[in-house]
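As a plain string of letters, each chain reads:
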Amino acid sequence: MSQLLTVAAEEMENPLIPPIPELVIGLIAFVIVFGFLAKKLLPNINKVLEQRREAIEGGIEKAEAAQTEAQSVLEQYKAQLAEARHEAARLRQEAQEQGATLIAEMRAEGQRQREEIIAAGHSQLAADRKAAASALRQDVGQLATELAGKLVGESLEDHARQSRTIDRFLDGLDETASKAEATR
């Protein structure tokens, strides 16, 4: 039985349940440590947490403000870019118009110079034709006078007679040339 008593006594002492005096001392120590932590450490922890919360909220507000400012700067940039593109298009259009005007002016000036050159050429051609006709009349007149003198057998040295003869001869040639051109 003694063995039974020792087994019964051992069963009474459960290792999971501490003895009552140790339980009371542990509970008092826990309340003292918890009170100390609640009184001294908890306000500091709450203070640090509050500072972090304020810093985070301030950072979020600053980020939102910076984002708003960046958005406004972006809008200004886009507006300036659109204005610059519009201005570039306007300047390009003006340059094209000025180029077209300049080309038209240069063409008109070239046409005018061409007409002047053609007119000068025609007047030079007419003057050359008159000079050639005059020289030809003299040469033909002189040859005709010599030939007529040889045919007639007398000298046609008289200038007035010579001029009339030459003029009649050349008038006859002009009429023959006019008739030939009219038949063409």
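Residues numbered from 1 in each chain as written. Predicted model: local features only at pLDDT ≥ 70, side-chain atom pairs only at ≥ 80, totals over all residues. Heavy atoms only, no water.

Draft legend 1. The arrangement of the overall build of the chain in detail. Regarding its fold elements, the chain presents 3 helices and 0 strands. Reading the chain from its N end, one meets helices and strands in the order α-α-α. Taken across its 184 residues, the chain has 5% of its residues classed as buried. Put simply, the chain shows about 16400 Å² of open surface, and 62% of that area lies on carbon and sulfur atoms. (Helix = DSSP H or I, 4+ residues; strand = E, 2+ residues; numbered from the N terminus. Buried < 20%, exposed > 50% of the residue type's maximum accessible area, 1.4 Å probe, protein only. Areas by Shrake-Rupley, 256 points an atom, 1.4 Å probe, with all protein chains shown as cover.)

Draft legend 2. Fine view of the pattern of salt bridges. Scanning the model with the defined rule gives 7 salt bridges in all. Glu 57 is the salt-bridge partner of Arg 53, the closest N and O atoms lying 2.8 Å from each other. One end of the pair, Arg 53, and the other, Glu 57, are both in helix α2 (residues 20-152), 4 residues apart, so they sit about a helical turn from each other. Arg 53 sits in the partly exposed class, given a relative accessible area of 37%. (Salt bridge = Lys/Arg side-chain N within 4 Å of Asp/Glu carboxyl O.)

Draft legend 3. Main features of the confidence of the model for the chain. Here the chain averages 82 in pLDDT, and 83% of its residues register 70 or above. Mean pLDDT across the elements of the chain ranges from a minimum in helix α1 (residues 2-12), with 59, to a maximum in α2, with 88. (pLDDT = per-residue confidence, 0-100.)

Draft legend 4. Layout of the environment of Asn 44. Summarising the element assignment, Asn 44 is placed in helix α2. Separated by 3.4 Å, the side chain of Asn 44 and the backbone oxygen of Lys 40 make a polar contact. (Polar contact = N/O pair within 3.5 Å; in protein donor to acceptor, adjacent residues only side chain to side chain.)

Draft legend 5. Local environment of the packing of aromatic side chains. Tallied over the entire structure, the rule returns 1 aromatic pair. Seen in terms of ring centroids, Phe 30 and Phe 34 are 6.0 Å apart; in terms of plane orientation they differ by 20°. Their pairing is stacked. Linking Phe 30 with Phe 34, this pair stays in helix α2, spanning 4 residues, or about one helical turn. Among the residues examined, Phe 30 registers a relative accessible area of 53% and is labelled exposed. (Phe/Tyr/Trp six-rings, centres within 6.5 Å; stacked < 30°, edge-to-face > 60°.)

Draft legend 6. View of a nonpolar patch on the surface. Together, Val 33, Phe 36, Leu 37, Leu 41, Leu 42, Ile 45 and Leu 49 make up a nonpolar patch on the protein surface, roughly 620 Å² of accessible area in all. In this fold, Ile 45 is placed in helix α2. (Patch = residues over 30% accessible without salt bridge, like charges linked within 9 Å, V, L, I, M, F, W, Y side chains within 5 Å.)

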